[in-house]
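Spelled out from the first residue to the last, the chains are:
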Amino acid sequence: MVVYEKKYDIIVVGAGHAGCEAALAGARLGCETLLLSINLDAIALMSCNPSIGGLAKGHLVREIDALGGEMGKIIDATGIQFRTLNTRKGPAVRASRAQADKQRYRLRMKQVLELQDNLSMKQGEVTGLYVKEGVALGVDTKVGVRFLGRTVILTTGTFLRGLIHVGLTSYAGGRAGDLPAESLSASLLEQGFDVGRLKTGTPARLDGRTIDFSRLEIQHGDNPPLPFSFSTDRIDRPQLPCHIAYTNERTHDIIRANLDRSPLYGGLIEGIGPRYCPSIEDKVVRFPDKERHQSFLEPEGLDTVEIYPSGLSTSLPIDVQFALYRSIEGLESVEVMRPAYAIEYDYVDPIQIHSSLETKRVCNLYHAGQINGTSGYEEAAAQGLMAGINAALRTKGKAPLILGRGDAYIGVLIDDLVTLGTREPYRMFTSRAEFRLLLREDNADLRLREKGHEIGLVREEDFDRFCRKRQMIADELERIRSTRLLPSGTDSSFLEEFGLVDLHNGLSYEQLLRRTEFTYQELMRIDSTAAGLPHDVREQVEIQVKYEGYIKRQLEQIERSVRLENSRIPEDFDYAALAGLSSEVREKLLRFRPDTLGQASRIPGVTPAAVSILAVAIKTGRAR
Amino acid sequence: MYRKDTITAIATPVGEGGIGIVRVSGVGAAEIADRIFRARGSGGLQSHRFYYGDIIDPSSGFLLDEAMVVIMLAPRSYTREDVLEIQCHGGYLVVRKVLELVLSQGARLAEPGEFTKRAFLNGRIDLLQAEAVIELIRSKTEAALAIAQHQREGVLSGRIAAAKEGLFKSLALIEAYIDFPEDDIDLPDNCEIRSAVSECFARIDELLDGFSEGRVLREGVSVLIAGKPNVGKSSLLNTLLREKRAIVTSVPGTTRDIIEEVVNIKGLPVTLLDTAGIRETGDEVEQEGMRLTLEKIPLADLILFVVDGSMPFDDEDRLIKDAVSGCSVLLVVNKSDLPVVVEVPQELAANKTVRISTKSGEGIDCLREALFATFIREGVLEGRDYAALSQVRHRDALERARGHLLSFLQGFGTGVGLEFVALDLREALGALGEVTGETTPDAILDEIFSRFCIGK
């Protein structure tokens, strides 16, 4: 093994959505960072959907952006259709989603990485960890180079012992067209990690020239498109529509007739797949009464004819794939450019990592992304960013940045993973966030910009911009509290429209905005100052005023949980010696080894009484 | 969970005892002391001093008990918060009434071991106390576990699980609609959700109704016999006692001139309080007895108002009629063996009336039936509903759940966003979860995935 002469602060293994954020965060925080990828042409590649965002995922992207991550900026620069989902619902559950130009997205990210100081990129397959006495010191590669690093971040995606299935045929691969990482799993097992197996899948890519779009429903993006990043002013790339197709009974018959040739139903696949992203054969089997299943046909880019048919992932044999796609109206003569496939890969159950994403077994080793059992680019990027930040903080001898469940979806994501572990690919949903009404896309900057700036990831110009916005919000809140609508000075038809004719003492603008039917649109008819404010300031003020009651309620809930969340359990805490715990609870605590009392209280089966006992024991142990 | 709110619990073992202690801890402790305790002959309460005085319900002005009270201001207290301890007369009834009064003043019922937990979280517990404290919590835990086990097997968990089912499904419908806007999931059916939640609401109400009956059956009721002198109060007491020979205990009351006897009526433990008769008098001893009677009236669960059927309703009867107004009253017309003369005034006509003769024993069975029926609805014993809800803690949780459901039903379908009303459902499920175990977000997702075909 040749030892490379340069020693790095951070080595990131894998250059997917987690790896890119990790490497950028590390380098931007001044650490000498090495990013290793099995294929430098596949950096930040979208292996599945050519899209970013969606419910709860859009929230994650905005949070990544607020902290100083890159994902939001890249999609703003390369997106070809932007939509806000759930516009008819309340602000907390609205989310951004964009179609990406897949190749441009990847190239743009590669360029940002290449232009980043302190960051080197090298192609190579990592075959093992270099660990001594429980401390990660570097990685070994297939071509015989050992890279030394003070910290190592593993973001292995679907590459660990990746196994691709098309029908009953299977072959090793990290993704269609890429090699797998065959030996790294063994190295993890050797370190004592519990390694499990997951499965995911992707649909075929179709030739757009062979699709009759005139027979499909068209779906345009929003006009104007709204950006993800707090730093982006507007989107100026040309926009493309998607189309909606539906399966039919014939499609379902084809699937049913060929289930015996499915690796999933034939028992070839051992990994557990995501329930929220089932293959089309799964949907047909589990919901036999549903007459049709919807598919969005998403363009993969401006310069390509490739089309991604969402919801139609499958691991059925290729001849069945031809038949099932062609059974769909509008797709009768469709050509498959890349077959659909299922992929199995290794992951490391995340109860084996801390909230900082550092592993409990090996010091200075961090895991992020699918290796932790998650699915989704956004979930991966969020963890990558946090792993990069925390590895950098480690090299500086500083405490890690840990976001709470009340701070961010990122906090919910990581806390769920490290507290509960996962047995299936984990995806974020808004229903996972108990403080959902506070964790909105619109206030991600108000929640996290300051933290991002404090650790040094947010650029000064972005921070100044944020501070100005925050000040404007505060000023406007003050103004609407102190400005009153006086009946005498107001147009009588306006008063009549809003039932304010009998008003004697006037109402503050704040009181007006509290009314459900009254928004800034209405206020601006009588108030010219409001019209001069930026849209995002008005939006923020309106949300804060209108939903004040609910916001308060959630803040109180957070307040109640703070003490437990802040009570740390020592890493070497001796549960076996603790009297008073039932054996079931003790076993759970031993297995999960929670970092805090808050985490302990969320482990199913750990009773409030057990938490009390633990609390007392920790306190007295400390006193000793 | 650590909370900054004020908690309370009965600190002494349940059952008969010389004294019972209700302990209160938190920011509201001092204020609660101010509101419910009136010290005899002194100004405000100083920290760490014992005061003798009266526990008074500030909403009604009723005297609950005489008590010794000490306030220990933070940080010199067990929890390092303001702590109030109320030492009242022993016996479950009085202590529970005091506890309920404290609860009504804004305190929350403490979780098992919560005082100790606060003591820990506030840095109060030191090394020397550690062992003892862990033992203490442990014993409480085991007791709590035993109760939980019992409840789990019992009627309650079944009832609550049934109630939760509808909420849980409704929440899944709402969450699916919120979280999967691209999976062509229809707007949830308002009627379906509303009816499921209303049904749950009704089930909780039933359980809460059953609570009073269950409590009544376990803890008994106090029935005060009131009437002017010589109307037959004592013979009524003796008749009731002799009838069944079911005396459980016979102890003198905590007050000198009221006799307490416990009798079992169809399985219902009834503490009969035979009081001094009420009338205008100059006799000081008798006046004192009457004062005690009058004080006890509002504390009793039921008043047996005994009148002499052979005499007209006179001023002395009227005196009692005034004293018992607002109370639950069963009118007993005695001496039915003699010609009936009495004419009951209009105000009393609404109360159930039973004619008896303590002399012949006539009507005593009817009286027993009527007394029982006052507390236990027909058919309840057969339905076993009464046994379902027994713990104040559980009632507390159910009442919170009820509040959240009420708030849901008020907001749902009125233009309030589904993610907002979902918060009400989640909190209701959380409160019910305190009784039967939590509903985890994962369980909700399980429900969504089993109901809807989701996936892009």
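Given the structure is predicted, the values throughout are model-derived calculations rather than measurements.

The helix and strand inventory of chain B stands at 14 helices and 13 strands. The buried share among the 456 residues of chain B stands at 51%. Pairs at least 24 residues apart make up 66% of the contacts formed inside chain B by residues separated by at least 6 positions. Carbon together with sulfur atoms contributes 51% to the accessible area of chain B, which is approximately 20,400 Å² in total.

Once that is clear, we can look at the packing of aromatic side chains. Tallying each qualifying case throughout the model produces 13 aromatic pairs over all chains. When the ring of Phe 463 of chain A is compared with that of Phe 466 of chain A, the centres are 5.9 Å apart and the planes differ by 40°; the resulting orientation is tilted. Pair noted here: Phe 463 of chain A and Phe 466 of chain A are both in helix H12 (residues 460-482), with a separation of three residues, about one helical turn. Among the residues examined, Phe 466 of chain A registers a relative accessible area of 4% and is labelled buried. Seen from their ring centres, Phe 494 of chain A and Phe 498 of chain A are 4.9 Å apart, and the 50° between their planes marks the pair as tilted. Relative accessible area serves as the criterion here: at 9%, Phe 498 of chain A is assigned to the buried category. Members of the aromatic cluster, connected to one another through ring pairs, are Tyr 276 and Phe 429 of chain A together with Phe 180 of chain B. Sitting above the plane of the Phe 230 of chain A ring, Arg 62 of chain A keeps its charged end 4.2 Å from the centroid. Above the plane of the ring of Tyr 246 of chain A lies Arg 292 of chain A, whose end atom (NZ or CZ) is 3.6 Å from the centre.

Moving on to the sheet that holds strand E4 (residues 79-85) of chain A. Residues and elements named next belong to chain A. With respect to topology, three strands assemble into an open sheet ordered E3-E5-E4, the strand pairing being antiparallel. In this open sheet, the two strands that pair with only one neighbour each are strand E3 (51-53) and E4. Strand-to-strand, the axes of this sheet are offset by a mean angle of 15°, without reference to chain direction. As judged from the three bridges shared by E3 and strand E5 (residues 95-100), these two strands associate in the antiparallel manner. Residue pairing across strands places Ser 51 opposite Gln 99, the latter belonging to E5.

Backbone hydrogen bonds are what pair the strands of a sheet, in a parallel or an antiparallel way. Residues and elements named next belong to chain A. Taken in spatial order, the six strands make up an open sheet running E14-E15-E16-E17-E13-E18, and their pairing is antiparallel. Of all strands in the sheet, those with a lone pairing partner are strand E14 (217-219) and strand E18 (336-338), marking the two edges. Across the sheet, the mean angle from the axis of one strand to that of its neighbour is 35°, orientation sign disregarded. Sheet analysis places strand E13 (residues 205-207) next to E18, joined by two bridges and oriented antiparallel.

Before going further, it helps to examine the nonpolar core. Residues and elements named next belong to chain A. If you look at the biggest cluster of nonpolar residues, it comprises 73 residues, and the most contacted ones within it are Ile 52, Tyr 105, Met 386, Ile 389 and Ile 410. Top contributing element to this core by residue count: helix H9 (residues 377-395), with eleven residues. Once residues lying within four places of it in the same chain are set aside, the contact partners of Ile 52 are Met 46, Val 61, Met 71, Ile 75, Ser 96, Arg 97, Ala 98, Tyr 105, Phe 228, Tyr 377 and Glu 378.

Moving on: the pairing of strand E11 (residues 169-172) of chain A. Residue and element names in this part refer to chain A. Two strands pair when backbone bridges link them, and strand E10 (residues 163-166) and E11 are joined in this way by four bridges, in the antiparallel orientation. Within E11, the position partnered with Ile 164 by the bridge is Tyr 171. Connecting E10 to the antiparallel partner E11 that follows it, the hairpin turn spans two residues, and Gly 167 within it adopts a positive phi of roughly 60°.

The next subject is the side chain of Asp 282 of chain A. Residue and element names in this part refer to chain A. With respect to the element layout, Asp 282 can be found in helix H7 (residues 280-286). Despite its burial, Asp 282 remains without a salt bridge, the nearest opposite charge being carried by Lys 199 at 5.2 Å. Those residues in contact with Asp 282 that lie beyond four places of it in its chain are Leu 264 and Tyr 265.

Further remarks concern the side chain of Glu 344 of chain A. Residue and element names in this part refer to chain A. When you line up the elements, Glu 344 lands in strand E19 (residues 341-348). Although Glu 344 is buried, it makes no salt bridge; Arg 197 carries the closest opposite charge, 4.2 Å away. For Glu 344, the side chain forms a polar contact with the main-chain nitrogen of Gly 271, separated by 2.7 Å. Discounting chain neighbours no more than four positions away, the residues touching Glu 344 are Arg 161, Gly 162, Leu 163, His 165, Arg 197, Leu 198, Lys 199, Leu 268, Ile 269, Glu 270 and Gly 271.

Let us look at the pattern of salt bridges. Taken as a whole and judged by the stated rule, the model has 68 salt bridges over all chains. One salt bridge in this structure joins Arg 423 of chain A and Asp 349 of chain A, with 3.6 Å as the shortest N-O distance. Pair noted here: Arg 423 of chain A is in the loop between helix H10 (409-420) and helix H11 (444-455) and Asp 349 of chain A is in the loop between E19 and strand E20 (365-367), with a separation of 74 residues, a long-range link. Residue classification places Asp 349 of chain A among the buried residues on the basis of a relative accessible area of 5%. The shortest N-O distance in the salt bridge between Lys 228 of chain B and Asp 317 of chain B comes to 2.9 Å. In this pair, Lys 228 of chain B is assigned in the loop between strand E8 (221-226) and helix H7 (233-244) and Asp 317 of chain B in helix H9 (residues 315-323), connecting sequence segments 89 residues apart. Each member of the pair Lys 228 of chain B and Asp 317 of chain B is classed as buried.

Residue and element names in this part refer to chain A. Listed as buried for helix H8 (residues 318-326) are Val 320, Gln 321, Leu 324 and Tyr 325. Relative to the axis of H8, the buried residues are bounded by an arc of 125° and lie together on one face. Looking at the buried positions of H8, the neighbouring elements they touch are E10, E13, helix H6 (249-257), H7, strand E17 (306-309) and E18.

All names here are of chain A. The first and last C-alpha atoms of helix H1 (residues 17-28) sit 17 Å apart over twelve residues, in line with the 16 Å expected at 1.5 Å per residue. Of all twelve residues in H1, eleven are buried; the element is thus mostly enclosed. Backbone geometry just downstream of H1 places Gly 30 in the positive-phi region, at approximately 90°.

All names here are of chain A. Overall, the coordinates contain five cavities of 30 Å³ or more when judged by the stated rule. The computed volume of the largest cavity comes to approximately 910 Å³. Along the wall of the largest cavity there are 50 residues; nearest its centre are Ser 47, Gly 157, Thr 158, Gln 370 and Tyr 377. Looking at the lining of the largest cavity, the elements that each hand over two or more residues are H1, strand E2 (33-37), E3, strand E12 (195-202), E19 and H9. Residues belonging to the lining of the largest cavity are distributed by class as follows: 21 nonpolar, 23 polar and six charged.

This part covers the confidence of the model for chain B. Residue and element names in this part refer to chain B. Across chain B, the average pLDDT comes to 76, with 72% of residues at 70 or higher. Element-level mean pLDDT values for chain B span from 42 in helix H4 (residues 127-153) up to 92 in helix H1 (residues 29-36). Contacts for the low-pLDDT stretch residues 126-132, under 50 throughout, to residues beyond four places or in other chains number five contacts. Interface scoring of the predicted complex returns ipTM 0.83; its pTM is 0.76.

A cluster of nonpolar residues, Phe 50, Tyr 52 and Met 68 of chain B, forms a patch on the protein surface that exposes about 280 Å² of accessible area. For Phe 50 of chain B, a relative accessible area of 47% translates into the label partly exposed.

Across the junction of Asn 223 of chain A and Pro 224 of chain A, the peptide omega takes the value 0°, indicating a cis bond. Structurally, the position occupied by Pro 224 of chain A is in the loop between E14 and strand E15 (242-246). In this chain, Ala 74 of chain B is followed by Pro 75 of chain B through a cis amide linkage whose omega measures 0°. Looking at the secondary structure, you find Pro 75 of chain B in the loop between strand E5 (63-72) and strand E6 (83-89). At Asn 118 of chain A, a position not held by glycine, the phi torsion is positive, near 65°. Among the structural elements, Asn 118 of chain A can be located in the loop between helix H4 (102-115) and strand E6 (119-123). For Asn 364 of chain A, which is not a glycine, the phi torsion comes out positive at approximately 65°. Tracing the chain through its elements places Asn 364 of chain A in the loop between E19 and E20. Taking relative accessible area as the criterion, Asn 364 of chain A reaches 12% and is therefore assigned buried.

Each value, and the rule that gives it
All residue numbers here refer to positions counted from 1 along the written sequence of the relevant chain. Note on labels: chains are lettered from A, ligands numbered from 1, in written order. Residues qualify for local features only when their pLDDT is at least 70, as the model is predicted, and side-chain atom pairs are given and counted only at 80 or more; totals for whole chains, interfaces and linings, by contrast, use all residues. Note that water and hydrogens are dropped before the side-chain values are worked out from all heavy atoms of the structure. Starting at the N terminus, helices and strands are each numbered in turn, a helix being any DSSP run of H or I of at least four residues and a strand any DSSP run of E of at least two. The cut-offs for exposure are 20% and 50% of the maximum accessible area for each residue type, with area from a 1.4 Å probe on protein chains only; residues under the lower value are buried, those over the upper are exposed, and the others partly exposed. By the convention used here, residues are in contact when the closest approach between their heavy atoms is within 4.5 Å. Using a 1.4 Å probe, the Shrake-Rupley method yields the accessible areas, and only the shown protein chains count as cover for residues. Side-chain rings of Phe, Tyr and Trp, where Trp is taken by its six-membered ring, are said to pair if the distance between their centres is within 6.5 Å; with planes under 30 degrees apart they count as stacked, over 60 as edge-to-face, and otherwise as tilted. Comment: the charge-over-ring label is applied if NZ (Lys) or CZ (Arg) is within 6 Å of the ring centre and within 35 degrees of the ring normal. A strand pair is defined by DSSP finding two or more bridges across the two strands. Angles here are taken between N-to-C directions and fall from 0 to 180 degrees, while the axes themselves are lines fitted to C-alpha atoms, restricted in helices to the stretch in contact. We call a set of buried Ala, Val, Leu, Ile, Met, Phe, Trp, Tyr and Cys residues a nonpolar core when their side-chain atoms join them within 4.5 Å. Residues scored as charged are limited to Lys and Arg (positive) and Asp and Glu (negative), so that His and the chain ends carry no count. Any Lys or Arg side-chain nitrogen found within 4 Å of a carboxyl oxygen on Asp or Glu counts as a salt bridge. Pairing of N or O atoms within 3.5 Å defines a polar contact, subject to two protein rules: one partner must be a possible hydrogen donor and the other a possible acceptor, and residues neighboring in sequence count only if both atoms are side-chain atoms. By definition, the arc is the one covered by directions from the helix axis to the C-beta atoms. A helix is expected to span 1.5 Å for every residue after the first. Of the grid points, spaced at 1 Å and generated over the protein atoms alone, those admitting a 1.4 Å probe that cannot get out make up cavities, while open sets with protein on both sides within 12 Å along at least five of seven lines make up pockets; any residue with an atom within 4 Å of a point is treated as lining. Grid points are joined across faces, edges and corners, and a volume is the space filled by probe spheres set on the points. Side-chain classes are defined by residue name, with Ala, Val, Leu, Ile, Met, Phe, Trp, Tyr, Cys and Pro counting as nonpolar, Asp, Glu, Lys and Arg as charged, and the others, Gly among them, as polar. Every residue gets a pLDDT, meaning the predictor's confidence in that residue, from 0 to 100. Each patch is built from residues lacking any salt bridge and having more than 30% relative accessible area; the joining distance is 9 Å for like charges and 5 Å for nonpolar side chains (Val, Leu, Ile, Met, Phe, Trp, Tyr).

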